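Notes for the structure review
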Amino acid sequence: MASSPSVHCRHGVRQRLSCWADGPSYITQCPIQAGQSFTYEFTLFQQKGTLFWHAHISWLRATVNGAIVIYPKTGVPYPFPYPYEEHVLIFGNVVSLPMSLEERWFELENEVVASGGSPPPAEAYLINSHPGPRYNCSATGSLPCSRCYHCFWLMILCHTTGFLSPDVYKIDVVPGKTYLLRLISASLNMEHFFAIAGHKLTIVEADAEYTKPFTVGRLMITPGQTISVLVKADQPIDRYDMAVGPYMSAQNVTFQNISAIAHFQYTGATLDDLSLPAQLPVYNDNLVVNTNLHMLRSLNATNLPSEIDANLFFTVGLNVDECHSSNPNKSCKGPSGGVFAASMNNVSFVKPNISLLQAYYNNINGLYTDDFPGVPLKTYDFVNGAPNNIPNNTQSLIGTKVKVLEYGSRVQLILQNTGTVTTENHPIHLHGYNFYVVGYGTGNYNPMSAKLNLADPPYMNTIGVPVGGWAAIRLLEHASCCTLHTGVWFMHCHFDVHLTWGLSMAFIVKNGEGPLETLPHPPADLPKC
């Protein structure tokens, strides 16, 4: 049961005939009210690997989340050496929380919207809810709870758990053994670099799809992504840092630049020894990010068809709207005294007061329009010549607009970063599906020169659209599942503040033929608004 209004998303589950169980608030359902419950029913059809679930209302994802691990069927091996052990690492962050956890995330979102400005930076990053020894509130020995003064949330954890040396998460490892680490980013508004001191990371899975193995010294993971890596304990016996730090590609943004630390600790290591530090890239190292993306390939050849039925082009980026407040010093803290917004194709999405799926299923008029533009309303140099005369030409349109697609359509979508406020890497997530990432690049997308990979592109549900660049994705039938299937499917930036500001849209996929291509009726316990 929920103690406050809530909804829960099974992030990355391909919701075949189970759109009602997808989870985003006011898209496929109304929130579960306090004291009520809702049973999510869905089928994991030929999926395997690491996904996660999380709250999908306000910013509750920060604390309401967990892993979904789907193992191969009995007798089916991994397509890589079987690990000695497996561990799930969930990355997150916290801010000051002077009230209950759930209430505070609602209040924080409301405060940011009311200010018109940016959210506060994270107080600390977390690895499995542990910040590590580098923050003021971390215990480096046997400090009493009263010394955990840096952030209130960690004081709560301190008084709940004792919060002495256990604030450093630890994986005990046996020399010579290989470990599978299932990495999940549940962070709100920050992408992360990850590394283990002295050890290589072999990526074997991304977004619950196997990849051709490739080895890196450090990787970047966006909010909403999952990446599984093999790590061999092949170094001298010691204690090694596992570090999670910031990747910040935007300009003029205040952020926490202290890393969370966990330990990769060999059996026989002396506990009194200092751990060996991990070397993370500098916070804005785009080269590492692009190199990792370039190396991602599906394990098996896909050989996608070249034909497509719909060719879409969406810009993604920030806007600054005009200030209309009678108290601008309090309510218009965006650039040049404006109000922050965000958009796709310059449309800031507004959630309706009942779910889009209910409105579509019940033919309720007036809650949305089906005129979301398939291409930008205005063409310009999106990266280097974007309008930036605040607020005269930086404002977005506002509306609840959807794009309607035919059942089974083969769709190509270009996601183009814009520089209206600042270029940055945007983690774009599509509900209910995976998509093939067939290309990416810097600058403006040019169909004449863009090189697309139709042979073995990675099959993902979240893609970081490169800073000042573009990504090309295709929604096509997959060998394991599925053609473009019926329902209402949310696409959004996985920075929660950008989602709040409107960087999202929804697809409606029409019914096909017969019961297996038709939206089923809603479940009896579907929450009411």
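By the naming in an unreviewed UniProt entry, the chain is laccase, taken from Ensete ventricosum. Under Function (unreviewed entry), UniProt gives the following word-for-word description of the chain: "Lignin degradation and detoxification of lignin-derived products." Entered under Catalytic activity (unreviewed entry) in the UniProt record, the comment concerning the chain runs "4 hydroquinone + O2 = 4 benzosemiquinone + 2 H2O".

Our next topic: the packing of aromatic side chains. Geometry of an aromatic ring pair is reported as the spacing of the ring centres plus the angle between the planes. Under the defined criterion, the tally for this structure stands at 22 aromatic pairs. Where phenylalanine 349 meets phenylalanine 490, the ring centres are 5.8 Å apart and the plane angle is 50°; that geometry is what we call tilted. Here phenylalanine 349 is found in strand 17 (residues 347–349), whereas its partner phenylalanine 490 is found in strand 26 (residues 487–493), with 141 residues between them in sequence. Across the pair, exposure class does not vary: phenylalanine 349 and phenylalanine 490 are buried alike. Aromatic ring contacts, followed pair by pair, group Tyr84, Tyr179, Tyr240, Phe264 and Tyr266 into a single cluster.

Leu181, Phe194, Leu219, Phe264, Leu415, Ile428 and Met491 are the most contacted members of the largest nonpolar core, which has 110 residues in total. Aside from chain neighbours lying at most four places away, what touches phenylalanine 194 is Leu89, Phe91, Leu183, Leu201, Arg218, Leu219, Met242, Ala243, Val244 and Leu280. Judged by nonpolar contacts, the second largest core, of 11 residues, contains Phe382, Trp470, Ala472 and Leu476.

Before going further, it helps to examine the side chain of serine 18. For serine 18, the position within the fold is in the loop between strand 1 (8–11) and strand 2 (49–55). For serine 18, a relative accessible area of 8% translates into the label buried. The residues touching serine 18, leaving out its near neighbours within four places in the chain, are Glu41 and Phe42.

Further remarks concern the pattern of salt bridges. One pass over the structure, following the stated rule, counts 9 salt bridges. Aspartate 172 is the partner of lysine 170 in a salt bridge, and the nearest nitrogen-oxygen pair spans 2.9 Å. Judged by relative accessible area, aspartate 172 falls into the partly exposed class, the value being 42%. Bridged by salt links that share partners, the residues Glu86, Arg182 and Glu205 form one connected network.

So, on to helix 3 (residues 286–295). Residues Val288, Val289, Asn292 and Leu293 constitute the buried set of helix 3. Down the axis of helix 3, the buried set is contained in an arc of 130°. They therefore lie on one face. Tucked into the core, helix 3 has its buried residues touching strand 8 (191–196), strand 10 (209–216), strand 11 (219–221), strand 13 (239–247), strand 22 (435–442) and strand 24 (462–465). Two or three places before leucine 287, at the opening of helix 3, aspartate 285 has a side-chain oxygen 3.1 Å from that residue's backbone nitrogen.

Before going further, it helps to spend a moment on the pairing of strand 24. Consecutive residues of a regular strand have side chains that alternate between opposite faces of the sheet. By the alternation rule, side chains of strand 24 split into Thr462 and Gly464 and Ile463 and Val465, which are all buried. Pairing between strand 21 (residues 426–430) and strand 24: 4 bridges, direction antiparallel. The partner of histidine 429 across the bridge, within strand 24, is threonine 462.

Let us now look at the state of the cysteines. Summed over the entire model, instances satisfying the criterion amount to 2 disulfides. Here cysteine 30 is linked by a disulfide to cysteine 529, with a sulfur-sulfur distance of 1.7 Å. One quick way to see it: the torsion about the S-S bond of cysteine 30 and cysteine 529 is about -80°, and its sign makes the bridge left-handed. Pair noted here: cysteine 30 is in the loop between strand 1 and strand 2 and cysteine 529 is in the segment after strand 27 (504–509), with a separation of 499 residues, a long-range link. Under the relative-accessibility criterion, cysteine 529 is labelled exposed at 54%. Note that cysteine 323 is cross-linked by a disulfide to cysteine 332, the S-S spacing being 1.9 Å. Torsion about the S-S bond of the cysteine 323 and cysteine 332 cystine: about 70°, corresponding to right-handed handedness. Its relative accessible area of 22% is what places cysteine 323 among the partly exposed residues.

Procedures and definitions
Residues numbered from 1 in each chain as written. Predicted model: local features only at pLDDT ≥ 70, side-chain atom pairs only at ≥ 80, totals over all residues. Heavy atoms only, no water. UniProt positions renumbered as here; feature names shortened; annotations may be inferred. Phe/Tyr/Trp six-rings, centres within 6.5 Å; stacked < 30°, edge-to-face > 60°. Helix = DSSP H or I, 4+ residues; strand = E, 2+ residues; numbered from the N terminus. Buried < 20%, exposed > 50% of the residue type's maximum accessible area, 1.4 Å probe, protein only. Core = buried A, V, L, I, M, F, W, Y, C linked by side-chain atoms within 4.5 Å. Contact = heavy atoms within 4.5 Å. Salt bridge = Lys/Arg side-chain N within 4 Å of Asp/Glu carboxyl O. Arc of directions from axis to C-beta. Polar contact = N/O pair within 3.5 Å; in protein donor to acceptor, adjacent residues only side chain to side chain. Pairing = 2+ DSSP bridges. Disulfide = S-S within 2.5 Å.

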